[in-house]
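Observations on the three-dimensional arrangement
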Amino acid sequence: MSNAQETIEVLLVEDNPGDATLIDRYLRDLSGGAMARPVVTHVESLSAAVESLAEDSFDVVLLDLGLPESNGIDTLERFQDHVETDAGHPAVAIVVLTGLNDDETAVEAIQRGAQDYLVKDNIDGNVIERAVRYALERHEQEQQLRRQNERLDQFASVVSHDLRNPLSIAMGNIEVVRETEDPDAVDTSADKAADALARMDELIDDLLTIAREGKSVDDPVPVDVAAAARRTWKSVDTADMTLTVDLELTVLADDGRLQQLFENLYRNAREHAGPDATVTVGATGSGDGFFVADDGPGIPAADREQAFEPGYSSREGGTGFGLNIVHEIARAHDWSVAIEGRDPDRADGDTGGARFVFRGVEPV
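For every chain, the first residue of the written sequence is number 1, and numbering continues from 1 onward in sequence order. Whole-chain, interface and lining totals are the exception, using all residues; otherwise, since this is a predicted model, local features are given only for residues with pLDDT of at least 70 and side-chain atom pairs are given and counted only at 80 or more. Note that the side-chain values use all heavy atoms of the structure and ignore hydrogens as well as water.

Definitions used throughout: a 1 Å grid over protein atoms alone; a cavity as a set of points that fits a 1.4 Å probe which cannot get out; a pocket as an open set with protein on both sides within 12 Å along at least five of seven lines; a lining residue as one with an atom within 4 Å of a point. Grid points are joined across faces, edges and corners, and a volume is the space filled by probe spheres set on the points. In this structure the tally under the stated criterion is one cavity of 30 Å³ or more. Estimates place the volume of the largest cavity at around 40 Å³. Around the largest cavity, the lining residues are L265, N268, A269, V279, V292, A293, D294 and F356. Secondary structure is summarised from DSSP: a helix means a run of H or I of at least four residues, a strand means a run of E of at least two, and numbering begins at the N terminus for each. Elements with a minimum of two residues in the lining of the largest cavity: α9 (255–273) and β12 (289–294). Only Asp, Glu, Lys and Arg are considered charged in this grouping, and only Ala, Val, Leu, Ile, Met, Phe, Trp, Tyr, Cys and Pro are considered nonpolar; every other residue, Gly among them, is considered polar. Taken together, the residues that form the lining of the largest cavity break down as six nonpolar, one polar and one charged.

Turning our attention to the sheet that holds strand β1 (residues 7–13). As summarised here, the arrangement of the five strands in space is β2-β1-β3-β6-β7, forming an open sheet in which the pairing is parallel. On the outer flanks of this sheet lie β2 (37–43) and β7 (116–119), each paired with one strand and no other. Across the sheet, the axes of successive neighbouring strands diverge by a mean angle of 20°, strand direction being ignored. Two strands pair when backbone bridges link them, and β1 and strand β3 (residues 60–64) are joined in this way by four bridges, in the parallel orientation. If you follow L11 over to β3, its bridge partner there is V61. Contacts between residues were defined by any pair of non-hydrogen atoms, one from each residue, lying within 4.5 Å. For helices, the fitted axis covers only the stretch in contact; all axes are lines through C-alpha atoms, and the angles between them, taken along N-to-C directions, range from 0 to 180 degrees. In the packing of helix α1 (residues 17–28) onto the sheet, the strands contacted are β1, β2, β3 and β6 (93–98), and the crossing angle to β2 comes to about 165°. Running at roughly 155° to β1, helix α2 (residues 46–55) makes contact with β1, β2 and β3 of the sheet. A pair of strands is treated as paired once DSSP finds two or more bridges between them.

A few words on unusual backbone geometry. Phi angles above zero are rare outside glycine, and A239 is one such case at about 50°. By the secondary structure assignment, A239 is in the loop between α8 (225–235) and β9 (242–246). Only protein chains enter the accessibility calculation, which uses a 1.4 Å probe; a residue whose area is less than 20% of its type maximum is buried, one above 50% is exposed, and one in between is partly exposed. We classify A239 as partly exposed; its relative accessible area is 39%. Phi angles above zero are rare outside glycine, and D334 is one such case at about 65°. With respect to the helices and strands, D334 occurs in the loop between α10 (322–332) and β13 (336–341).

Quick look at the packing of α2 against helix α3 (residues 73–83) now. It is at 10 Å that the axes of α2 and α3 come closest, and there the two elements cross at 20°. By the angle class used here, α2 and α3 are roughly parallel. The two elements α2 and α3 cross, and the hand of that crossing is right-handed. Contact residues: L46, A49, V50 and L53 in α2; T75, R78, F79, H82 and V83 in α3. The residue inventory of the contact of α2 with α3, partitioned by class, reads six nonpolar, two polar and one charged. Angle categories are assigned with fixed cut-offs, so that under 35 degrees is roughly parallel, over 145 is roughly antiparallel, 65 to 115 is roughly perpendicular, and the rest are oblique. Crossing handedness follows the turn of the near helix against the far one: under a right angle anticlockwise gives a left-handed crossing, and clockwise gives a right-handed one.

This paragraph deals with α9. Taking 1.5 Å per residue as the helical rise, α9 with its 19 residues ought to reach 27 Å, and the 26 Å between its terminal C-alpha atoms agrees with that figure. Every buried residue of α9 is listed here: R257, L258, Q260, L261, F262, E263, N264, L265, Y266, N268, A269 and A273. Residues adjacent in sequence count toward polar contacts only when both atoms are side-chain atoms; beyond that, a polar contact is any pair of N or O atoms within 3.5 Å, and within protein one must be able to donate a hydrogen and the other to accept it. Backbone nitrogen of G256 and a side-chain oxygen of the N-cap are separated by 3.0 Å at the start of α9; the cap is D254. Just downstream of α9 lies G274, where phi reads positive at about 105°. To estimate how far a helix should reach, multiply one less than its number of residues by 1.5 Å.

Our focus in this paragraph is the pairing of β7. The alternating pattern of β7 places D116 and L118 on one face and Y117 and V119 on the opposite face, and all of these are buried. Strand direction decides the pairing type here: β6 and β7, joined by four bridges, are parallel. When the sheet's bridge partners are listed, L97 is paired in β7 with L118. Handedness rule for crossovers: strands pointing away from the viewer, path from the first strand over the helix to the second running clockwise, crossover right-handed. The parallel pair β6 and β7, bridged by helix α4 (residues 103–111), forms a crossover whose chirality is right-handed.

That is the geometry; function is a separate question.
What follows is the structure, encoded as structure tokens:
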């Protein structure tokens, strides 16, 4: 949930009509307070909750542990099976509800991923507000910590392999220089050492960028996407490439990070589509985002998902972090990014260039 969010989407899973009515009333009474206005969707079963999650996105779920289809911690586990992301992390904050004042169950629910635990007999408006606010804050903190741990894993991998390899090359060639008097061998070894050190410098720059850009955007401001695209174009070595911008869209974003996103995509286009490529920035047909496309060879459908993974590169000598940085910037804004063929109407979507589509972008 971003700071700019005006509503909180709440999924209430409660089979007792009286409890559901009371909790719904408490939630709706929170409107106008310090917290964003809750919008409540009520279902009475676990299967109905799963269907709702498939159709809509929610910020927090109030989950009764005693449902007709399951009971106790089993309810939480079965629900989590449907809300975990591909990486195995909960995609929504969960507050469990129960009619039993059972501390052991409460502790187990928290240990198994719930953000809070409420006994229905003790609920009032203040308790509901604190629980929802705390659940959202804790869930966001957990997501940030998970992303930080993922980046630490990336850094450890790069330091242990990607940086160690060019360092070994540089040291080996320096040793050759020390041991030979052949001028040609000295020049060749010096060039190889310089190339290896330059690659290390590029890797370090990308690692620092990932560390910075992966952080959540806490204070977004209105940014004109078209203006940011054109402004970034002037700061990048685009050779003979051509830029076409066709959209009118202002979004809440971090201006510097949005420019970094465009910068990496422009460089990606030059590396893969060539120095005379045409880059297009436009709005999605659904109006929920924008795209950056080039007219190069494109990215095969089989490779598109892994293209955002750290270390992936189809270019020899590439660091493999350019598109990962794009992905991290999008995620920091709560946007999604996907790769398509440049022309989505073509039957052979694997040709016609690469099209990077950003969705979940709320216009100002």
